[in-house]
Amino acid sequence: QVQLVESGGGLVQAGDSLRLSCAASGSTFSDYVVAWFRQAPGKEREFVARITWTGTTTYYADSVKGRCTISRDNNKNTVDLQMNSLKPEDTAVYYCAADQNLITTDLYDYWGQGTQVTVSS
């Protein structure tokens with residue numbers, strides 16, 4: 001099992017940047033693919049980005065491509081999401097998720113508690 005804790009959310013203005021971090025514990029971190037999802041009020045949870053076990057491959061939702069970068073440090077057991085040029089529509093609770101398999105749905109085995117990102121216009 002792996003436990004995930006997100007941090008780094010906050011209230012920012014449109015155009016600002018934020019760096020979210022997901023800290024993992026409890027298992028060998030490099031055994032897991034890690035993804036970020038988000039959920040805005042009244043909307044379904046949506047995929048944001050994912051990174052494979054050693055960071056070789058990353059994948060982004062079209063809505064954040066070019067504005068976000070996902071990275072990981074398996075020595076520190078962390079995965080970061082750097083978000084630039086934030087827009088009000090990026091406002092959501094952001095969740096970190098992990099799974100030992102590379103899956104393209106939201107059926108990840110492990111989830112963090114989420115961190116709120118609010119972007120004002």
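Structural data are supplied above this passage.
Remember, it's a predicted structure, so these values are computed and weren't measured experimentally. (Residues numbered from 1 in each chain as written. Predicted model: local features only at pLDDT ≥ 70, side-chain atom pairs only at ≥ 80, totals over all residues. Heavy atoms only, no water.)

Enquirer: Report on the packing of aromatic side chains, specifying residues and quantitative values.
Expert: Counting across every chain of the model gives seven aromatic pairs. Ring centres of Phe 37 and Trp 111 lie 5.0 Å apart, and the angle between their planes is 50 degrees; this geometry places the pair in the tilted category. Note that Phe 37 is positioned in strand β4 (residues 33-39) and Trp 111 in strand β10 (residues 110-111), a separation of 74 residues in sequence. Taking relative accessible area as the criterion, Phe 37 reaches 2% and is therefore assigned buried. Relative to Trp 111, the ring of Tyr 95 has its centre 6.5 Å away and its plane inclined at 75 degrees; by these criteria the two rings are edge-to-face. (Phe/Tyr/Trp six-rings, centres within 6.5 Å; stacked < 30°, edge-to-face > 60°. Helix = DSSP H or I, 4+ residues; strand = E, 2+ residues; numbered from the N terminus. Buried < 20%, exposed > 50% of the residue type's maximum accessible area, 1.4 Å probe, protein only.)

Enquirer: Describe the environment of Asp 16, listing the residues and the values that go with them.
Expert: Of note, Asp 16 is situated in the loop between β2 (10-13) and β3 (18-25). In sequence terms Asp 16 and Ser 85 are 69 residues apart; their C-alpha atoms lie 5.5 Å from each other.

Enquirer: An account of the pattern of salt bridges is requested, with residue identities and associated values reported.
Expert: Tallied over the entire structure, the rule returns six salt bridges. The salt bridge involving Lys 65 is made with Asp 62; its shortest N-O contact spans 3.2 Å. Between Asp 90 and Arg 67 there is a salt bridge, and its shortest N-O distance comes to 2.8 Å. Of this pair, Asp 90 sits in the loop between β8 (78-83) and β9 (92-99) while Arg 67 sits in the loop between β6 (58-60) and β7 (68-73); the two residues are 23 residues apart in sequence, bridging distant segments of the chain. (Salt bridge = Lys/Arg side-chain N within 4 Å of Asp/Glu carboxyl O.)

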